[in-house]
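Results of the structural survey
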Amino acid sequence: MEEKIIQITAGRGPLECQWVVAKVLKVFLQEATQKGIDYTIVSREEGDANLTIKSVTVQLKGKELSAFLKSWLGTVCWVGKSTFRKFHQRSNWYIGVFVLDQLQHQPFSERDVQFQTTRSQGNGGQNVNKVNSAVRATHLPTGVSVFAQDSRSQLDNKKLALNRLKEKLAEIELQQLAEQAQSHWNNHTQVQRGNPTRTFNGSDFKSTYVEKSYKKERAAAKREVKLVD
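Quick summary incoming for the structure in this document. (Residues numbered from 1 in each chain as written. Predicted model: local features only at pLDDT ≥ 70, side-chain atom pairs only at ≥ 80, totals over all residues. Heavy atoms only, no water.)

Thoughts on the sheet that holds strand S2 (residues 38-46)
With mixed pairing, the seven strands of this open sheet are ordered in space as S2-S3-S1-S5-S4-S9-S10. Of all the strands in the sheet, just S2 and strand S10 (206-207) have a single pairing partner and so form its edges. Sheet analysis places strand S1 (residues 2-9) next to strand S5 (residues 92-100), joined by five bridges and oriented antiparallel. Bridge pairing in S5 links Ile6 to Val99. Sheet strands in contact with helix H1 (residues 15-34) are S1, S2, strand S3 (53-62), strand S4 (74-79), S5 and strand S9 (198-201), and its direction is about 15° off that of S3. (Pairing = 2+ DSSP bridges. Helix = DSSP H or I, 4+ residues; strand = E, 2+ residues; numbered from the N terminus. Contact = heavy atoms within 4.5 Å. Axes fitted to C-alpha atoms, helices over the stretch in contact; angles between N-to-C directions.)

Thoughts on H1
The end-to-end C-alpha distance of H1, which contains 20 residues, comes to 29 Å, matching closely the 28 Å that a straight helix rising 1.5 Å per residue would cover. Count one or two residues on from H1 and you reach Gly36, which has phi positive near 75°. (Expected span 1.5 Å × (residues − 1).)

Looking at the nonpolar core
Counting residues in each nonpolar core, the largest one holds 30 residues, and the members touching the most others are Ile8, Val24, Phe28 and Trp72. Put simply, the parts of the chain that give this core at least two residues each are S1, H1, S3, helix H2 (65-69), S4 and S5. Once residues lying within four places of it in the same chain are set aside, the contact partners of Phe28 are Ile6, Ile8, Leu60, Phe68, Leu69 and Trp72. Counting 10 residues, the second-largest nonpolar core is a separate cluster that includes Val113, Val144, Leu165 and Leu169. (Core = buried A, V, L, I, M, F, W, Y, C linked by side-chain atoms within 4.5 Å. Buried < 20%, exposed > 50% of the residue type's maximum accessible area, 1.4 Å probe, protein only.)

In structure tokens:
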């Protein structure tokens, strides 16, 4: 199982490029789903008009992910007339698809969690019960802490605290990814033009890309061999 984080960006391109990002994102996610690749939208920066996107960051997980991305990474071109500026002469619009550096992922282990028990508290500091049923869980490597007092059972509160701690750590990781993506976009001044990996045409956004697959040719060759035999 491979895991990668990619960014689709208009860079400093105009509104037309932001429109292309939104269109490309839709096609990209459709193809990823068809290939059995799971995705999570980590962050997206909306464009300057409806249905446009300046930049979007996607976390991908799946088999043969690198092979799938080969047909996407680099420059993507849309050939068409601007719908935002009727008399604009330009017809080629470029956006970029890039891989972002992976954050160092630290596997979660209960051995890294410190538990403290205390009495559950009600409104105004009144004790809910007289036993130490509430649980505070602290993730020692990061210092992140959560509290659970939903149940009168200390064991149940411990389980709740663990789940909340995992969720909070996951949220922090996603936030770090979003900040990295924003920093990358801010530093990316211009998408390289020329030699696109994909080209789309017209208002219907048809792709000229043809996936190189020899399955049909191999199947036909096998049938011919059987006929000869």
